[in-house]
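# Close look at the chain arrangement
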Amino acid sequence: MKPVQADPFNRNCGSRKVLDRIGDRWSVLIVLTLADGGKRYGELAERIDGISQKMLTQTLRGLERDGLVTRAVQASVPPRVDYALTDLGRSLLDLVAGLEAWATTHLDEVEAARARYDAR
């Protein structure tokens, strides 16, 4: 297969879809939640406050489709479904951990900027 010349500034380029996936807030939070190992669907739903069942399912499917997450169904009653990062998904950990660190470090500054903006 011929390598693709990626150009995320081109709306038709697949790299833009990759950026959309890994830049989505739910994807970031799922990747961070799976950083320390596989989790069941319910564990993900419990950890990620505010995510709806529909969004969790859609996001997990998208991450699985993109090769970032694996889904393993265990033969038990009721069936147990575990999600884990693939090697490709683990390659995102430094990036998303950096985003989390930046957001938590600069939260006060961002909130102060928002307050100044909103006061105008």
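The preceding data block contains the structure.
Residues numbered from 1 in each chain as written. Predicted model: local features only at pLDDT ≥ 70, side-chain atom pairs only at ≥ 80, totals over all residues. Heavy atoms only, no water.

## Brief notes about the overall build of the protein
Spelled out, the test is: Numbering of helices and strands runs from the N terminus, with a helix taken as a DSSP run of H or I at least four residues long and a strand as a DSSP run of E at least two residues long. Between the two quantities, the radius of gyration covers C-alpha atoms and the globule rule is 2.2 Å times the number of residues to the power 0.38. Three exposure classes are used, based on accessible area relative to the maximum for each residue type with a 1.4 Å probe and protein chains only: buried under 20%, partly exposed in between, and exposed over 50%. Shrake-Rupley sampling with a 1.4 Å probe provides the accessible areas, and residues are treated as covered by the protein chains on show and by no other component. As used throughout, the charge tally considers Lys and Arg to be positive and Asp and Glu to be negative, leaving His and the chain termini uncounted. Just so you know, the charge point we use is NZ for Lys, CZ for Arg, CG for Asp and CD for Glu.
The helix and strand inventory of the protein stands at 7 helices and 3 strands. Listing the helices and strands of the protein from first to last along the sequence gives α-α-β-α-α-β-β-α-α-α. Over its C-alpha atoms the protein spans a radius of gyration of 17 Å, topping by over 25% the 14 Å that the globule rule assigns to 120 residues. Dimensions along the principal axes, computed over C-alpha positions, put the protein at roughly 60 × 40 × 25 Å. Each of the 120 residues in the protein was classed as buried or not, and the buried ones make up 25%. Counting every atom, the protein has about 9000 Å² of accessible surface; 53% of that belongs to carbon and sulfur. The averaged location of the 17 negative side-chain charges in the protein is 8 Å from the averaged location of its 18 positive side-chain charges.

## Things to note about the pairing of strand β3 (residues 80–85)
For clarity, the cut-off: A strand pair is defined by DSSP finding two or more bridges across the two strands.
Across 2 bridges, the pairing between strand β1 (residues 39–40) and β3 is antiparallel. Counterpart to arginine 40 in the pairing with β3 is aspartate 82. As judged from the 6 bridges shared by strand β2 (residues 69–74) and β3, these two strands associate in the antiparallel manner. Note on β3: the bridge partner recorded for valine 73 is valine 81. The turn linking β2 back onto β3 is made up of 5 residues.

## Quick look at the nonpolar core
Grouped burial of nonpolar side chains is what soluble globular proteins tend to show. The criterion, for reference: Put simply, buried Ala, Val, Leu, Ile, Met, Phe, Trp, Tyr and Cys residues joined by side-chain atoms within 4.5 Å make one nonpolar core. Two residues qualify as a contact provided that any one of their heavy atoms is within 4.5 Å of a heavy atom in the partner residue.
Membership of the largest hydrophobic core comes to 20 residues, with the highest contact counts inside it found for Ile30, Leu34 and Tyr83. Sorting the residues of this core by element identifies α2 (25–33), α4 (53–65), β3 and α6 (93–105) as the ones contributing at least two each. Per element, the largest residue contribution to this core is 4 residues, and it comes from α2. With residues up to four places along the chain from it excluded, the contact list for isoleucine 30 reads Ile48, Leu56, Thr59, Leu60 and Leu63.

## A word on the sheet that holds β2
Two orientations exist for strands paired in a sheet by backbone hydrogen bonds: parallel and antiparallel. Here we have 3 strands laid out as an open sheet, ordered β1-β3-β2, and antiparallel in their pairing. Sheet topology places β1 and β2 at the edges, where each strand pairs with a single neighbour.

## A few points about the environment of glutamine 74
Inspection of the secondary structure puts glutamine 74 in strand β2. In this structure glutamine 74 comes out as partly exposed when scored by relative accessible area, which is 35%. In this structure glutamine 74 touches Pro79, Arg80 and Asp82, once residues within four positions along its chain are discounted.

## Focus on the side chain of threonine 33
Let me state the cut-off plainly: N or O atoms within 3.5 Å of each other form a polar contact, as long as, within protein, one can give a hydrogen and the other can take it, and as long as residues adjacent in sequence are counted only when both atoms are side-chain atoms.
Within the secondary structure, threonine 33 is located in helix α2. Overall, threonine 33 belongs to the buried group, its relative accessible area being 10%. One polar contact links the side chain of threonine 33 to the main-chain carbonyl oxygen of leucine 29, over a distance of 2.7 Å. Not counting the four nearest positions on each side in its chain, threonine 33 is found in contact with Lys39, Leu44, Arg47 and Ile48.

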